[in-house]
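# Remarks on the overall topology
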Amino acid sequence: MYIEYIVSDVSLIATSTAKYLYSDGYPTAYSNNLTYDWLITSDISTELVNIIVEDCQIEYLEGKVTSACQVDELSIYDGEFDNSTALYQSCCITDVPALNSSGPSILIRFVTDATIVAKGFRIKYYNSAYKSPDVAAAFGLYIALALIVVAIVVCVAIIAFYVMKKTKMNSQRVNPVGEATTSTKTDSYQTTSSIDEYNKPPLPADSPVPLPNDWSELEGMAAPLNIGPRPDLINFKNLSDGQTRGNKLPPIQQVHEID
């Protein structure tokens, strides 16, 4: 009996965008007597090829103790040829792990016999420059959050600057007549509440210290008995008669010019 085998060689390019390859007839059923080779090469020679077998159902023999593959088999090689290191050779009895090449190429071979067929498989492939949508979305979210934080910090800094500037412009001053004032942009005084009368600079007429009496040669410059709350402004001494007077000043010496 003559059996016709279908042989097909397909070359695919792996890029940073994920793509898919499917077995013949997927997801219904593949054909008998197949030999398919898919050579996947990265578009950048320095990038590796990554594959993920997302769905796979191939004919296998289900035994009482263990299951075993029949002739139908999926093989994945780390390189361009079937003598390269085999990364996987089985019939998808268990889940196939994610695989990647050590170089820029991966060879996938699928062989079937003339008996039972099954659903087949779907394989996702891309090169190592690929970024998962979840990772890209998370990265974009982090960038957006960082920009929002920077914008908030800048706005707070601007507001603080104008608040401090306005506070400085409205700071209180004391004008020459002893009234609390606030300065404006024109630097003019606006009267508000008066300040403590005791702490303002005293005018001569308001001084609590009485003026001393006229100086005399006998008693010097006699001070009044009520000298107010600031006796330290004049140096006084107690005399023997119980009076308090200022220090005697020396008499004015008359200087006569001799012709």
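This text goes with the structure placed above it.
Residues numbered from 1 in each chain as written. Predicted model: local features only at pLDDT ≥ 70, side-chain atom pairs only at ≥ 80, totals over all residues. Heavy atoms only, no water.

### Considering a nonpolar patch on the surface
Residues L141, Y142, L145, I148, I152 and V156 make up a contiguous nonpolar surface patch of about 620 Å² in total accessible area. Tracing the chain through its elements places L145 in helix α1 (residues 133–169). In this structure L145 comes out as partly exposed when scored by relative accessible area, which is 44%. (Patch = residues over 30% accessible without salt bridge, like charges linked within 9 Å, V, L, I, M, F, W, Y side chains within 5 Å. Areas by Shrake-Rupley, 256 points an atom, 1.4 Å probe, with all protein chains shown as cover. Salt bridge = Lys/Arg side-chain N within 4 Å of Asp/Glu carboxyl O. Helix = DSSP H or I, 4+ residues; strand = E, 2+ residues; numbered from the N terminus. Buried < 20%, exposed > 50% of the residue type's maximum accessible area, 1.4 Å probe, protein only.)

### Brief notes about the pairing of strand β4 (residues 49–57)
In this structure, β4 lies alongside strand β11 (residues 120–127), joined through eight bridges in antiparallel fashion. Opposite V53, over in β11, you have I123 as the bridge partner. In terms of strand pairing, β4 meets strand β9 (residues 99–100) through two bridges, oriented antiparallel. Its bridge partner lying in β9, N50 is registered against N100. (Pairing = 2+ DSSP bridges.)

### Topic: the side chain of D113
Here D113 shows up in the loop between β10 (105–111) and β11. In this structure, D113 is buried with no salt-bridge partner, the nearest side chain bearing the opposite charge being R109 at 16 Å. Leave out the neighbours within four places in its chain, and D113 touches N32, N33, E59, V71 and D72. (Lys, Arg positive; Asp, Glu negative; His and termini not counted. Contact = heavy atoms within 4.5 Å.)

### Focus: the side chain of E59
On the secondary structure map, E59 appears in the loop between β4 and β5 (60–62). Of the polar contacts made by the side chain of E59, one reaches the side chain of T115; its length is 3.3 Å. In contact with E59, other than residues within four places in its own chain, are Y30, Q70, D72, C91, D113, T115, I116 and A118. (Polar contact = N/O pair within 3.5 Å; in protein donor to acceptor, adjacent residues only side chain to side chain.)

### Regarding the sheet that holds β9
Across the sheet, four strands lie side by side as β2-β11-β4-β9; this open sheet has antiparallel pairing. Only two strands of the sheet have a single partner each, and these edge strands are β2 (19–22) and β9. Two strands pair when backbone bridges link them, and β2 and β11 are joined in this way by four bridges, in the antiparallel orientation. Each bridged residue has a counterpart across the sheet, and for Y20 the counterpart in β11 is K124.

### As for the state of the cysteines
Counted according to the given criterion, the structure contains two disulfides. One disulfide in the model links C56 with C92; its S-S distance is 1.8 Å. With the S-S dihedral at roughly 75°, the linkage between C56 and C92 falls on the right-handed side. With a gap of 36 residues between them, C56 in strand β4 and C92 in the loop between β8 (86–90) and β9 connect regions that are remote in the sequence. Looking at C56, the relative accessible area reads 18%, which means it is buried. Note on cysteine connectivity: C69 is disulfide-linked to C91, with sulfurs 2.0 Å apart. Here the disulfide of C69 and C91 is left-handed, its torsion about the S-S bond being about -90°. Here C69, found in strand β6 (residues 67–69), pairs with C91, found in the loop between β8 and β9; they are 22 residues apart in sequence, far enough to count as distant. (Disulfide = S-S within 2.5 Å.)

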